[in-house]
Amino acid sequence: MKTVDIVLATYKPNIIFLKKLLKSLNSQTYPKIKLIVRDDSGNKEEFEKISTLIKEHITNFEYNIFKNNINVGSNKTFENLTKDATADYIAYCDQDDIWEKDKITKLVNSAEEKNAVISYSDLSVIDKDDNIMATSFKDIHKRLKHVEGNFLFKYFLRRNSITGCTMLIKSGIAKRAIPFCSDYYVHDHWLALFSSTVGEISYVPEPLIKYRIHEGNQIGADMLSDIESKEDYYKKKLLMERKKFSYLLNNNKFDNNYKVTINNILNWTEERISFFEKKNISTTFSMLTKIKDDHQLILFEIAINYLPNRISKKLIKKVKK
């Protein structure tokens, strides 16, 4: 039977939420698991408080607790946790969710049956009082598509369907993905992108975790969360995508076959940037010829660039819901 390390990053957690998480981890039906915790507060008192809670609530399997000397952020903390792991699989864990008791069992079964490098699941959504807000993440993210199979690199270049807290990944693959690309990708997206170059990704179409959305968690449900206007969209999305894809072209984790795909996406991004920098018949026609690549995105970008600022802001606000 394969072994699994659950890796938990903590940072000044809500104690009530953390207790509920730990109880759900302790109730996992899979027999060969270990918990590895790394506190990112850089605070001795916080570390001791978390250590006490883990000792109290984790009684069915082994655990290790580490601390970062200074706050380094969630991506770097999960990278360090990946280095700490020694099991066959790694399951990434946030500090405020609740896991269904058979989460690890079902993810391991899916990975083993399909010989997948990553398996992941759907999730339900709860509020701060554990009330169900949605029975599927797709009820929150209307445009979300859970993908599985092989040859998914092009998909994961631009979007992600794998939420980190639902992910189980082969430990060796996760370690090969180090260092994580913290400037442009959250750890789960980076691991999904890298894994898509290695093997198959499997999906369990049932919610195996209760994902908590509240004021204090890092990732909420909004799209384009820091974008309010077409100027924001140009600077914070399009120019950032240019930097991201340029970085990937020079990253030694991807061979020339994948760099062809990256370069094609970069060229596509450059055409979209040109449309925002110089809106005319030529750049508009170029955008229209790209509708087959992503018709919703292209039509959205044409709309916000042509509409008056006041109306484009309303359209962006509507899309973010």
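Definitions and cut-offs
As a convention, each chain's residues are numbered from 1 in the sequence order in which they are written. In keeping with the model being predicted, local features are shown solely for residues with a pLDDT of at least 70 and side-chain atom pairs are shown and tallied solely at 80 or more, while totals for entire chains, interfaces and linings include all residues. The side-chain values count all of the structure's non-hydrogen atoms but skip hydrogen atoms and water molecules. A fitted line through C-alpha atoms represents every axis, and for helices the fit uses only the stretch in contact; the resulting angles, taken between N-to-C directions, go from 0 to 180 degrees. Secondary structure is summarised from DSSP: a helix means a run of H or I of at least four residues, a strand means a run of E of at least two, and numbering begins at the N terminus for each. Orientation labels follow simple angle bins: below 35 degrees gives roughly parallel, above 145 gives roughly antiparallel, 65 to 115 gives roughly perpendicular, and whatever is left gives oblique. Working rule for contacts: check all heavy atoms of both residues, and any pair within 4.5 Å makes them a contact. Buried residues are those whose accessible area, probed at 1.4 Å on protein chains only, stays under 20% of the maximum for their type, while exposed residues exceed 50% and partly exposed ones sit between those limits. When DSSP locates at least two bridges between a pair of strands, those strands are taken to pair. Note on handedness: a crossover is taken as right-handed if, strands pointing away from the viewer, the path from the first strand over the helix to the second is clockwise. As defined here, a cavity is a set of points on a 1 Å grid over the protein atoms alone where a 1.4 Å probe fits but cannot get out. A pocket is an open set with protein on both sides within 12 Å along at least five of seven lines, and residues line them when an atom is within 4 Å of a point. Grid points are joined across faces, edges and corners, and a volume is the space filled by probe spheres set on the points. As a working rule, the residues Ala, Val, Leu, Ile, Met, Phe, Trp, Tyr, Cys and Pro are called nonpolar, Asp, Glu, Lys and Arg charged, and the rest polar, with Gly in that last group.

**Section: the packing of helix α11 (residues 295–306) against helix α12 (residues 309–320)**
Thinking step 1. Across the interface, α11 lies against α12 with an axial gap of 8 Å and an inter-helix angle of 150°. Taken as axis vectors, α11 and α12 run roughly antiparallel relative to one another. On α12, the residues touching F300, A303 and I304 of α11 are S312, L315, I316 and V319.

**Side note on the pairing of strand β1 (residues 4–10)**
One face of the sheet, then the other: side chains in a regular strand alternate in exactly this way.
Thinking step 1. Here β1 lies mainly inside the structure; 7 of its 7 residues are buried.
Thinking step 2. Side chains of β1 alternate between two faces, with V4, I6, L8 and T10 and D5, V7 and A9 buried alike.
Thinking step 3. Bridge count between β1 and strand β2 (residues 33–39): 7 bridges; the pairing is parallel. Looking at β2, one finds that V7 is bridged to I36.
Thinking step 4. Tracing the backbone out of β1, into helix α1 (residues 15–26) and back to the parallel element β2 gives a crossover that is right-handed.
Thinking step 5. Pairing of β1 with strand β4 (residues 89–93), which is carried by 5 bridges, proceeds in the parallel orientation. Following the sheet pairing, V7 is matched in β4 by Y92.

**Topic: the pairing of strand β9 (residues 201–212)**
Thinking step 1. Relative to β9, strand β5 (residues 98–99) runs antiparallel, the two being bridged by 2 bridges. Bridge assignment links I98 to a residue of β9, and that residue is K210.
Thinking step 2. The pairing of strand β6 (residues 118–126) with β9 spans 8 bridges and is classified as parallel. When the sheet's bridge partners are listed, V125 is paired in β9 with Y211.

**Brief notes about the environment of I104**
Thinking step 1. You can see I104 is positioned in helix α4 (residues 103–114).
Thinking step 2. Of the residues examined, I104 reaches a relative accessible area of 0% and is grouped as buried.
Thinking step 3. C-alpha of I104 to C-alpha of N80: the two residues are 24 residues apart in sequence and 22 Å apart in space.

**Notes on the layout of surface pockets**
Thinking step 1. Estimates place the volume of the second largest pocket at around 190 Å³.
Thinking step 2. Residue lining of the second largest pocket: K154, Y155, R158, R159, T261, N264, I265, W268 and D293, and that is the complete set.
Thinking step 3. Of all the elements in the fold, those that place two or more residues in the lining of the second largest pocket are α5 (153–158) and α9 (256–277).
Thinking step 4. Per element, the largest residue contribution to the lining of the second largest pocket is 4 residues, and it comes from α9.
Thinking step 5. Here the lining of the second largest pocket is composed, by residue class, of 3 nonpolar, 2 polar and 4 charged.

**Focus: the side chain of T269**
Thinking step 1. Mapped onto the secondary structure, T269 falls in helix α9.
Thinking step 2. Given the relative accessible area of 0%, T269 is considered buried.
Thinking step 3. Excluding residues that lie within four positions of it along the chain, T269 makes contacts with L238, E241, R242 and F245.

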